[in-house]
Every structure is written in structure tokens, then in C-alpha cells.
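# Survey of secondary and tertiary structure
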Amino acid sequence: MKVLITGGAGFIGSNFVRYLINSRRNIEIINFDSLTYAGNPESLADIADNPRYKFVRGDITDKDAVNGVFGERLDALVNFAAETHVDRSIEDASPFVRTNIMGTQTLLDAAKRFKLAKFVQISTDEVYGSAPAGESFTEETTLDPRSPYAASKASADHFVSAYANTYGLPAVVLRCTNNYGPYQFPEKLIPLMIANAREDKSLPIYGDGMQERDWLFVEDYCSAIGLALEKAAPGAIYNVSAGTPQPNLKIVRTILQHLGKPESLMQYVKDRPGHDRRYALDSSKIQRELGWSAAVPFEEGIRRTIDWYQNNSAWLDHARSGEYRNYYDRHYVRRTETFSR
């Protein structure tokens, strides 16, 4: 089976590439990534020379490049490629429209043309909007995106469903809660707090810090995606969550406690415009139909995450400084020169 992973140098994408390589011996992977600021090829340095792995640099909005990689007789696609940071979408929504909507549509056209057997769209819980206290959204909940990022992902979901209904494209949509774990770009909450706390820098807390998120360890999400890739019926939509929402303030305090740092590092700042108060998903459908469940409790997952960043300070430093961008040039553009020294 040959699988195209778009955005495979990003946080969840790189973890999923590694998950497939290690758990599915009959799968070949093509990682198609444009290496924007959050696409870090160092995250896959340990498998770069695996004979079942191939990296292709390309943009999902580039029709010719997409058709070129589809020409390699693919069996399935998992689309992680996206602009993802809400704050960046508030500052400028245009890259989100381009990549998240137009890029997804370009992939769908190629999947239709080449008669792809399975298309898995990686979405987000943010398409549902803010969940009232005590309520968890199901797959039937009406989409109500509140940020430009969420709106772009909701639009992409509708395109995927439209192609499934109109053309019979065997597509599946996964909507997941916030992920955390190794290799996450340090603009997101958990790696940012870890990085700042390690250096005794202030930890910015939006508003009162009581926004609730349902954190899922990235390995658990990878297992859900793997099951969807193999077993999900065409047209299916699944929510994926741990089922344990908790406030951001608690997350930050947990990180400080693990690192032995004082809470005085926390600094309350002006809240994000239109900040959703609470995300919560009902994942009983994927548990019932595919047999998936979250295996890593948050207490274990956050400890493993903190330990990983502590033990991989070079990766973190490179991600924060932009030095990781030189990795691609050394290992792909100037590979002969690099390895002849």
C-alpha cells in the first residue's frame, strides 16, 4: 500500500509518518510538504533513509506538482497540510484560504482524477465553535466556526463531503481535539510554555486562562487515523477526543510543577479576539465503529512531552531560531556534499 501524506513534516503529520513506518510493515509513504515555517524536516531525520519513506517538496495548491505525485500510483492520502495557528489567521486570513480551502480542493480534484481508493481529511474540533458547559459536540452538530482558521477548515470539510456526495470519492473526515506531544512547533500552548519555563521567561496567559481544551496525546490520534485509513467507510465523519476537557490555566500550572518553576512566571495578557471558551467532543462513534479509545492519560502524556523537550533541546532551539530550515538544504539539495565530508 502506498500512502501520500501531505503536510507530513508538521507536528501531527510527522508523528503519523513515524507511526505508520513503525507499525505497518506493508506501507510505503510519500511525504509531500512545502516546508513552510512549521514544516520541520528535522522531525523525521531518524527515518529519512528508510527505503519505505520518500520526501517530496511541494505545495498542495500547485496543481502540476500534485498531479505529478499522484502519478506514482497511490492507494490513499491523508491530508494534514494546513495553516493551523488561530492567532496567525486573525492577523492575516489569506494564507488559510489559500492552503486550507484551495489546497484541499486541488487534492480532491487529483483524487477524483486518479480514482484514489481512500482520502482522509484531517480537520479540527474548532469547526463546531465553542461548546456550552457540560455539552460535547457530536458529528451531527451544526458547524459554527468562530475564527478565520476554523472557517477555513469548516470550508474544507464541506468540500470533502461535497466531493464524496457528488463524485463518490471515498473520503473520510476526522475532527480532533487539541493534540500535544513531541515535535510540536513552539508557537502552540504546551511547547511554548515548556520552552519559556525552561528559560525562566514569562508565560503569557490569555484572559483569565479558564478556556477549556480536551488535550489528546498525539500517539493516540495517530492510532485513530490509522484505523480510519484502514477501516472507515467512505463518507464517514469521526470526532476524536480524550473526553477530559480542562482549563488552560491548569495545563500551565502542571507544566510549571513538573519543571519545578514558580507560578510567578505566569503573566496574564489580553485575550485573543473571539476566543472560543470551550471545546469538547463526543468520540463515542469512533469508539463504537472502529474500536478506538485514548490510551495515554494526560498525566502520563504531559510528563512524556516535557521529558522529550528536555531531552531534545537542540530540536527546540532549531525550531525557535529557524535553523531547522538549513536541514532540508543539507540533506536534500546538497546531500552528496553533506555526506562526503
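Up top you'll find the structure we're talking about.
Read on for a plain summary of the structure. (Residues numbered from 1 in each chain as written. Predicted model: local features only at pLDDT ≥ 70, side-chain atom pairs only at ≥ 80, totals over all residues. Heavy atoms only, no water.)

### Describing the pairing of strand β8 (residues 203-206)
Residues Leu 203 and Ile 205 point to one face of β8 and are all buried, whereas Pro 204 and Tyr 206, pointing to the other face, are not buried. In this sheet, strand β13 (residues 266-269) lies alongside β8 in parallel orientation, the contact comprising 4 bridges. Bridge pairing in β13 links Ile 205 to Tyr 268. (Buried < 20%, exposed > 50% of the residue type's maximum accessible area, 1.4 Å probe, protein only. Helix = DSSP H or I, 4+ residues; strand = E, 2+ residues; numbered from the N terminus. Pairing = 2+ DSSP bridges.)

### Topic: unusual backbone geometry
Unusually for a residue other than glycine, Leu 35 sits at a positive phi of about 55°. The phi dihedral of Tyr 183 is positive, around 70°, even though this residue is not glycine. Its location among the elements puts Tyr 183 in the loop between β7 (179-180) and α6 (189-198). Residue classification places Tyr 183 among the buried positions, given a relative accessible area of 16%.

### Comments concerning the pairing of strand β11 (residues 237-240)
If a strand is regular, its side chains alternate between the two faces of the sheet. Alternating positions in β11 separate into two faces, Ile 237 and Asn 239 on one and Tyr 238 and Val 240 on the other, with burial throughout. As defined by bridge partners, strand β6 (residues 171-176) adjoins β11 across 4 bridges and the pair is classed as parallel. Bridge pairing links Arg 175 to Asn 239 in β11.

### Concerning the pattern of salt bridges
For the coordinates displayed, the defined rule picks out 17 salt bridges. A salt bridge links Glu 219 to Arg 304; the shortest N-O distance between them is 3.0 Å. Of this pair, Glu 219 sits in helix α7 (residues 218-231) while Arg 304 sits in helix α10 (residues 298-311), and the two are 85 residues apart along the sequence. Residue Glu 219 is classed as partly exposed on the basis of its relative accessible area, which comes to 40%. We classify Arg 304 as partly exposed; its relative accessible area is 27%. Connected through shared salt-bridge partners, Glu 199, Lys 201 and Arg 320 make up one network. (Salt bridge = Lys/Arg side-chain N within 4 Å of Asp/Glu carboxyl O.)

### A few points about the sheet that holds strand β3 (residues 53-57)
Pairing is parallel across the open sheet formed by 7 strands, whose spatial order is β3-β2-β1-β4-β5-β6-β11. This sheet does not close on itself; its edge strands, each paired only once, are β3 and β11. Across the sheet, the mean angle from the axis of one strand to that of its neighbour is 20°, orientation sign disregarded. In the sheet, strand β4 (residues 76-79) pairs with strand β5 (residues 118-122) via 4 bridges, with the strands oriented parallel. Across the sheet, the residue bridging to Ala 76 is Lys 118, located in β5. On top of the sheet, helix α2 (residues 63-70) reaches β1 (2-6), β2 (28-33) and β4; it is set at about 175° to β2, its chief contact. (Axes fitted to C-alpha atoms, helices over the stretch in contact; angles between N-to-C directions. Contact = heavy atoms within 4.5 Å.)

What is shown is where atoms sit, not what they do.
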